[in-house]
Amino acid sequence: MSPLLRRAKKNPGERVVTLIGKSGCHLCDDAREVVSRVCGEVGAGWEEKSIEEDAELYREYWEQIPVVLIDGEQHTFWRVDADRLRRALGA
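This write-up is about the structure you can find in this document. It should be emphasised that the depicted structure is a prediction, and the values quoted were computed from it without experimental measurement.

Thoughts on the pattern of salt bridges
Here comes step 1: Using the criterion set out here, one finds seven salt bridges in the structure.
Here comes step 2: Residues Asp-29 and Arg-32 are paired through a salt bridge, measuring 2.8 Å at the closest nitrogen-oxygen approach. Pair noted here: Asp-29 and Arg-32 are both in helix H1 (residues 26-42), with a separation of three residues, about one helical turn.
Here comes step 3: Where Arg-32 meets Glu-48, a salt bridge forms, and the shortest distance between an N and an O atom there is 2.7 Å. Of this pair, Arg-32 sits in helix H1 while Glu-48 sits in strand S2 (residues 45-50); the two residues are 16 residues apart in sequence, bridging distant segments of the chain.
Here comes step 4: The class of Arg-32 is partly exposed, set by a relative accessible area of 26%.

Rules and cut-offs
- Residues numbered from 1 in each chain as written.
- Predicted model: local features only at pLDDT ≥ 70, side-chain atom pairs only at ≥ 80, totals over all residues.
- Heavy atoms only, no water.
- Salt bridge = Lys/Arg side-chain N within 4 Å of Asp/Glu carboxyl O.
- Helix = DSSP H or I, 4+ residues; strand = E, 2+ residues; numbered from the N terminus.
- Buried < 20%, exposed > 50% of the residue type's maximum accessible area, 1.4 Å probe, protein only.

Without other data, these values stay purely geometric and don't point to any function.
Here you go:
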């Protein structure tokens, strides 16, 4: 594979996971538990944002919450698979 097409593999500690959800969402609660656990295991940072507090996030994701982004790129929505998230983080 060409070096130009190959992405440099990042250390999990350099990755940032963003969970986008809203209050009162049981799927968001489930996703928060998985994201928190996996990020803690691999050393990745994570943050949570609410569609209730950000009109742009609401417009983009209201039908998909919870949504998980890794380094700003959408990874998944609705259900978060811990093994898939670990692999995506390079662990």
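The rest of the description comes next.
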